[in-house]
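Report on the structure
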Amino acid sequence: MLEGKVAVVTGGSRGLGEAIAIKLASMGADIAVICSSDVSSAEGVCSKCRDEYKVRVKAYRCDVSDFNEVKETVAQIKADFGTVHILVNNAGITRDGLAAMMKEEDFDRVIAVNLKGAFNMIRHTAGLFIRNKEGCIINITSVAGIMGNVGQCNYSASKAGLIGLTKTIAKELAPKGIRCNAIAPGFIATDMTENQTENPLLKMIPLGRMGEAEDVAEAAGYLAMAKYVTGEVLRVDGGIAM
């Protein structure tokens, strides 16, 4: 299905990124796993992809919020793999707090990683996509970017920004054969949501449970193959944002 394609997954050392990397590898794609610090875990993801699916895979340490560091990392991926066909912008952090008491650095850092990081990756891979006359960008946003969420003004703003970024990139790059879509997960069982088990919003999920990382990975696999879908925000949320 994706044999001969190269996929870059940011935040790929655990959680949603790990599940997405493994899913794309199972579809035949070679995988570049980007992590911010936990290289050993990223290497573990690489081993799973390599051992089970026999694809080429390599881990890279990169702070996606750093424009020049992303440029260097993408150049290294090109040197190692030859090109890039699929980009999954999954890297994200939270620094929660009520807006009236939030520290400036907590707001700035979340925007820098979650939103600017996605821009940086798109900016430096776009040339590869254009030369290939094809490309697939998948931005991992959140239902918090659709609904808002108390105590997450920085996170919600970053994820809402990703939706605007997705639609603009989709319009700009469609004439070049490049698609850009977003996935908006709801409450998914990962390390990031382990402190949300008592959140009253969980009772509002129509399907009655949290999702699994594999649910989001399945959506990424679909969008990687959906040749006539662009500018879409695909909710994977059990119905909470409908």
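That block above? That's the structure.
Residues numbered from 1 in each chain as written. Predicted model: local features only at pLDDT ≥ 70, side-chain atom pairs only at ≥ 80, totals over all residues. Heavy atoms only, no water.

1. Focus: the environment of C62
Filter applied, for reference: By definition, any uninterrupted DSSP run of H or I lasting at least four residues is a helix, any uninterrupted run of E lasting at least two residues is a strand, and each is numbered from the N terminus. Whether a residue is buried, partly exposed or exposed follows from its accessible area with a 1.4 Å probe, protein chains only, as a fraction of its type maximum: under 20%, in between, or over 50%, in that order. Residue contacts are defined here by distance: any two heavy atoms, one from each residue, within 4.5 Å place the two residues in contact.
Mapped onto the elements, C62 comes out in the loop between strand 3 (57-61) and helix 3 (67-81). Overall, C62 belongs to the buried group, its relative accessible area being 1%. Distance in space between the C-alpha atoms of C62 and A184 is 24 Å, their sequence separation being 122 residues. Setting aside its immediate chain neighbours within four residues, C62 contacts I34, C35, S36, E69, V70 and T73.

2. Some points on helix 3
At 3.6 residues per turn, the α-helix brings residues three or four places apart onto the same side. Applied cut-off: A helix is expected to span 1.5 Å multiplied by its residue count minus one. The arc under discussion is defined with respect to the helix axis, by the directions toward the C-beta atoms. Here a polar contact is recorded for every N or O atom pair within 3.5 Å, except that within protein the pair must consist of a potential hydrogen donor and a potential acceptor, and residues adjacent in sequence are included only if both atoms are side-chain atoms.
With 15 residues, helix 3 extends 21 Å from end C-alpha to end C-alpha; this agrees with the ideal 21 Å at 1.5 Å per step. By the burial criterion, the buried members of helix 3 are V70, T73, V74, I77 and F81. Along helix 3, the residues classed as buried sweep out an arc of 100° about the axis, all on the same side. Facing away from the buried side of helix 3 by more than 90 degrees, the exposed set consists of K71, E72 and A79. Those residues of helix 3 hidden inside the fold are in contact with strand 1 (6-10), strand 2 (30-35), strand 3 and helix 4 (104-132). A distance of 3.1 Å separates the backbone nitrogen of N68 from a side-chain oxygen at the start of helix 3, and that oxygen is part of D66. Directly beyond the C-terminal end of helix 3, a positive phi value near 100° is found at G82.

3. Concerning the pattern of salt bridges
Rules: For salt bridges, the criterion is a side-chain nitrogen of Lys or Arg within 4 Å of an Asp or Glu carboxyl oxygen.
As enumerated under the stated definition, the model contains eight salt bridges in all. For the salt bridge of K23 with E218, the shortest nitrogen-to-oxygen distance reads 3.4 Å. With K23 in helix 1 (residues 15-26) and E218 in helix 7 (residues 213-225), this residue pair connects regions lying 195 residues apart in the sequence. With a relative accessible area of 22%, K23 lands in the partly exposed category. One salt bridge connects D106 with R95, and the closest N-O pair in it is separated by 3.6 Å. In this pair, D106 is assigned in helix 4 and R95 in the loop between strand 4 (86-89) and helix 4, connecting sequence segments 11 residues apart. By relative accessible area, which is 36% here, R95 ends up partly exposed.

4. Considering the sheet that holds strand 2
We apply this condition: Paired strands, in this sense, are two strands between which DSSP finds at least two bridges. With axes taken as lines fitted to C-alpha atoms, and helix axes fitted only over the stretch in contact, angles between N-to-C directions fall between 0 and 180 degrees.
Taken together, seven strands build an open sheet; the order of strands is 3-2-1-4-5-6-7 and the sheet is parallel. The two strands at the open ends of the sheet, each matched to only one other strand, are strand 3 and strand 7 (233-236). The average undirected angle you get between the axes of adjacent strands in this sheet is 15°. Inspection of the sheet shows strand 2 paired to strand 3 by five bridges, in the parallel sense. Directly across from V33, in strand 3, lies its bridge partner A59.

5. Points about the nonpolar core
The following threshold applies: Residues belong to one nonpolar core when they are buried, are Ala, Val, Leu, Ile, Met, Phe, Trp, Tyr or Cys, and are joined through side-chain atoms within 4.5 Å.
Of all hydrophobic cores here, the largest spans 38 residues; its most connected members are I20, L24, I31 and I183. The set of elements that each furnish at least two residues to this core consists of strand 1, helix 1, strand 2, helix 2 (39-53), strand 3, strand 4, strand 5 (135-140) and helix 7. Counting residues per element, this core draws most heavily on helix 7, which supplies seven residues. In this structure I183 touches I138, N139, I140, T141, S142, V216, A219, A220, L223, L234 and V236, once residues within four positions along its chain are discounted. Core analysis: the second largest hydrophobic core is formed by 28 residues, V64, L128, L162 and A170 among them.

6. Remarks on the packing of helix 1 against helix 2
A pair of packed helices is captured by two measures, namely the crossing angle of their axes and the spacing between those axes. Let me state the cut-off plainly: If an angle is under 35 degrees, it is roughly parallel; if it is over 145, roughly antiparallel; if it lies from 65 to 115, roughly perpendicular; otherwise it is oblique. By the definition used in this description, the sense in which the near helix is turned from the far one sets the handedness, with an anticlockwise turn below a right angle giving left-handed and a clockwise turn giving right-handed. Each residue is assigned to one class: nonpolar for Ala, Val, Leu, Ile, Met, Phe, Trp, Tyr, Cys and Pro, charged for Asp, Glu, Lys and Arg, and polar for all the others, Gly among them.
Axis separation between helix 1 and helix 2 bottoms out at 10 Å; the angle between their running directions is 20°. With respect to their mutual orientation, helix 1 and helix 2 come out roughly parallel. Crossing of helix 1 against helix 2: the hand is right-handed. Contacts between helix 1 and helix 2 involve E18, A21, I22, A25 and S26 from the former and V45, K48, C49 and Y53 from the latter. When grouped by side-chain class, the residues that make up the contact of helix 1 with helix 2 number six nonpolar, one polar and two charged.

7. Brief notes about unusual backbone geometry
The residue K54 is not glycine, and still its phi comes out positive at about 60°. Tracing the backbone shows K54 in the loop between helix 2 and strand 3. A relative accessible area of 68% means that K54 is categorised as exposed. The phi dihedral of K133 falls on the positive side, at around 60°, and the residue is not glycine. Along the chain, the position of K133 falls in the loop between helix 4 and strand 5. According to the relative accessible area criterion, K133 is exposed, its value standing at 68%.

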